[in-house]
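Breakdown of the fold
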Amino acid sequence: MAARHPIYDADSETIREQIRRFCAREIEPHAEAWEEEGIFPRELYAKAGAAGILGLGFPEEYGGAGGGITYYCLVREELARTGFAGVRVGLMGLGIALPPILKLGSEEMKRRIAPEVLSGEKISALAISEPEGGSDVANLRTTARREGDEYIVNGEKTFISSGVRADYMTVAVRTGGPGMAGISLLVVEGDRPGISRTNLKKSGWWTSDTGHIHFDDVRVPASNLLGEENGGFKGIMNNFNLERLGIAASLIGSSRCCYEEAVRYAHERRTFGKLLAEHQVVRHKLVDMATGIQAMEGMLDNLVWRVTGGETCIAEIAMLKSFCGATHERIASEAVQIFGGAGIIRGHKVERIFRESKILSIGGGSSEVMKDLASRHLGWSA
Ligand SMILES: Cc1cc2nc3c(=O)[nH]c(=O)nc-3n(C[C@H](O)[C@H](O)[C@H](O)COP(=O)(O)OP(=O)(O)OC[C@H]3O[C@@H](n4cnc5c(N)ncnc54)[C@H](O)[C@@H]3O)c2cc1C
């Protein structure tokens, strides 16, 4: 089969196959039960670490498997293709928590934390969002006050993926005055005194815990600071760009799952003496789904190629994220429509994906905020 874009060489196709085999062996047979029970087996981290899956996209010198942004996206797409987003999010939280450490952290921190996380021994999470607002990052309220060789952290974070079980949290804190110029990034170990965490119940992604975290006078060594004090906002924004490419890849994988499920069902189910696929209306729905997937893939692959080449592409990534969110919502909805009543019954992948399909139009930057961001970077904003 021809690779879909020159960014995918023969090696990346081999890796794609390896991930699919891992998913078929370690995820697909169990994930429905994990999802219903709301559990994530900790040993899956170690298995994914040993298979090299956690390290895809990360530098080899820190325990990664290399491959840059191409592999970063590829692994998310393939995990999402299983239809079990909760498992993907549980495994891939490191994809947003670790890059700021590798980009801005001290050499000692990189060598200590990255191999533990990429091997699956330790879990990491990114904690930016707060109860008072997730979109308005520049106005976050959690403080870190310097006292001697330590920071003392006070405040709250919410909606944090893997926030309950994380051993390391990459936390956005206010170390200076108001606005974006007073924000820093700090690594906070999960077992520090003064941290309390609760799991939030949510409409989907039941395998992935979503933490509400309180920091009450939590003492953290000043050496845990990432980059310059009060210079964290740029690091957060750069990290969002990577996260959004990964989210687009996940939405493509999940859309493909919906499409493949719908194609299969349309060739099994008969109405009015014909297979569903023999009704023109249903065929058109399937073609519309395939068209959406093709458009998303084209946008993502082009941007992976451009960003790998050194471009920043802020507006284009924001547009990609909002486009993929809306396209995925539509594809998930049409897949349920093709399944009819069966699409509403638990146990079908399309039921779960549809129920979860709003999440990534909100998380990682809502569609409205993405379009606003794009408008500021397209050169004509009011
Ligand atoms: C399941 C899940 C997992 C998550 N995981 C993480 C995580 O790991 N780490 C983390 O830090 N965060 C995480 N988040 C938080 C997520 O990033 C935020 O929910 C998101 O950024 C939106 O923030 P908010 O929920 O506070 O909504 P708000 O900022 O309160 O916005 C509410 C609504 O108003 C709209 N809105 C806001 N401002 C504007 C504007 N200027 N113009 C037009 N419309 C606007 C928004 O689009 C949205 O529709 C997660 C969220 C979910 C649901």
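Residues numbered from 1 in each chain as written. Predicted model: local features only at pLDDT ≥ 70, side-chain atom pairs only at ≥ 80, totals over all residues. Heavy atoms only, no water.

1. Re the overall build of the protein chain
- Counting its regular elements, the protein chain contains 13 helices and 10 strands.
- Taken over C-alpha atoms, the radius of gyration comes to 21 Å for the protein chain, in line with the 21 Å a tight globule of 382 residues would show.
- Its C-alpha atoms give the protein chain principal-axis dimensions of about 80 × 50 × 40 Å.
- The proportion of buried residues among the 382 residues of the protein chain is 54%.
- Residue pairs at least 24 apart in sequence account for 74% of intrachain contacts in the protein chain once pairs closer than 6 positions are excluded. (Helix = DSSP H or I, 4+ residues; strand = E, 2+ residues; numbered from the N terminus. Rg over C-alpha atoms; globule rule 2.2 N^0.38 Å. Buried < 20%, exposed > 50% of the residue type's maximum accessible area, 1.4 Å probe, protein only. Contact = heavy atoms within 4.5 Å.)

2. Details of unusual backbone geometry
- At Ser162, a position not held by glycine, the phi torsion is positive, near 65°.
- Summarising the element assignment, Ser162 is placed in the loop between β3 (150–161) and β4 (168–174).
- Positive phi, normally seen in glycine, also occurs at Asn230, with a value near 70°.

3. Here we look at the environment of Glu26
- By the element assignment, Glu26 lies in helix α1 (residues 10–27).
- According to the relative accessible area criterion, Glu26 is buried, its value standing at 15%.
- For the pair Glu26 and Lys47, spaced 21 residues apart in sequence, the C-alpha to C-alpha distance is 8.3 Å.
- Sequence-distant contacts of Glu26, that is, excluding residues within four places in its chain, are made with Trp34, Leu44 and Lys47.

4. Looking at the packing of helix α8 (residues 232–266) against helix α11 (residues 349–356)
- Interaxial distance between α8 and α11 falls to 10 Å at its minimum, and their mutual angle equals 145°. As for how α8 packs across α11, the hand of that crossing is left-handed. Where α8 approaches α11, its residues Ser254, Cys257, Cys258 and Glu261 are matched on the opposing element by Lys349, Val350 and Ile353.
- Considering only residue class, the contact of α8 with α11 consists of four nonpolar, one polar and two charged. (Axes fitted to C-alpha atoms, helices over the stretch in contact; angles between N-to-C directions. Left-handed = near helix turned anticlockwise from the far one by under 90°. Nonpolar A, V, L, I, M, F, W, Y, C, P; charged D, E, K, R; others polar.)

5. Quick word on the site of the ligand
- By nearness alone, 17 residues border the ligand, and Ser129, Gly134, Ser135, Phe159 and Ser366 come closest of all.
- Here Gly134 contributes a backbone N or O atom positioned 2.6 Å from an oxygen atom of the ligand.
- In the model, an oxygen atom of the ligand is placed 2.8 Å from a nitrogen or oxygen of the Glu368 side chain.
- Contact with the protein chains covers 64% of the free accessible surface of the ligand, which is 970 Å².
- Ranked by residues supplied to the shell around the ligand, first place goes to β3 with three residues. (Near = heavy atom within 4 Å. Polar contact = N/O pair within 3.5 Å; in protein donor to acceptor, adjacent residues only side chain to side chain. Areas by Shrake-Rupley, 256 points an atom, 1.4 Å probe, with all protein chains shown as cover.)

6. As for the packing of aromatic side chains
- Applying the stated criterion across every chain, the model contains three aromatic pairs.
- Both rings, one in Phe40 and one in Tyr45, keep their centres 4.8 Å apart while their planes meet at 40°; by these two values the pair is tilted.
- Residue Tyr45 is classed as buried on the basis of its relative accessible area, which comes to 3%.
- Here the basic side chain of Arg146 rests over the ring of Tyr151, its NZ or CZ set 5.5 Å away from the ring centre.
- Over the ring of Trp206 we find Arg355, and its NZ or CZ is 4.3 Å from the ring centre. (Phe/Tyr/Trp six-rings, centres within 6.5 Å; stacked < 30°, edge-to-face > 60°. Lys NZ or Arg CZ within 6 Å of the ring centre and 35° of its normal.)

7. Regarding the side chain of Ser357
- Along the chain, Ser357 turns up in the loop between α11 and α12 (359–362).
- Relative accessible area serves as the criterion here: at 5%, Ser357 is assigned to the buried category.
- Residues within four places of Ser357 in sequence aside, it is in contact with His328, Glu329 and Ala332.

8. Quick look at the pattern of salt bridges
- On inspection of all chains with the given rule, the structure shows 36 salt bridges.
- A salt bridge links Glu26 to Lys47; its shortest N-O distance comes to 3.2 Å. You can see Glu26 sitting in helix α1 and its partner Lys47 sitting in helix α3 (residues 43–50), a full 21 residues away along the chain.
- The class of Lys47 is partly exposed, set by a relative accessible area of 39%.
- Members of the salt-bridge network, linked through shared partners, are Arg4, Glu13, Arg16, Glu17, Arg20, Glu77, Glu78, Arg256, Glu297 and Asp301. (Salt bridge = Lys/Arg side-chain N within 4 Å of Asp/Glu carboxyl O.)

9. Overview of the pairing of strand β2 (residues 143–147)
- With five bridges joining them, β2 and β3 adopt antiparallel strand pairing. Following the sheet pairing, Arg145 is matched in β3 by Ile152.
- Taking the residues that link successive antiparallel strands as the turn, the β2-β3 hairpin has two residues, and the phi of Gly148 there is positive, at about 65°. (Pairing = 2+ DSSP bridges.)

10. Points about the nonpolar core
- Core analysis: the biggest nonpolar cluster contains 94 residues, and Ile27, Val87, Leu91, Leu98, Leu245 and Leu300 have the highest contact counts within it.
- Here the element with the most residues in this core is α8; it accounts for 15 residues.
- Not counting residues within four places of it along the chain, the set of residues in contact with Leu91 comprises Ile27, Phe40, Leu44, Tyr45, Ala48, Leu54 and Leu79.
- Grouped together as the second largest cluster of nonpolar side chains are 19 residues, Ile160, Val173, Leu186 and Leu225 included. (Core = buried A, V, L, I, M, F, W, Y, C linked by side-chain atoms within 4.5 Å.)

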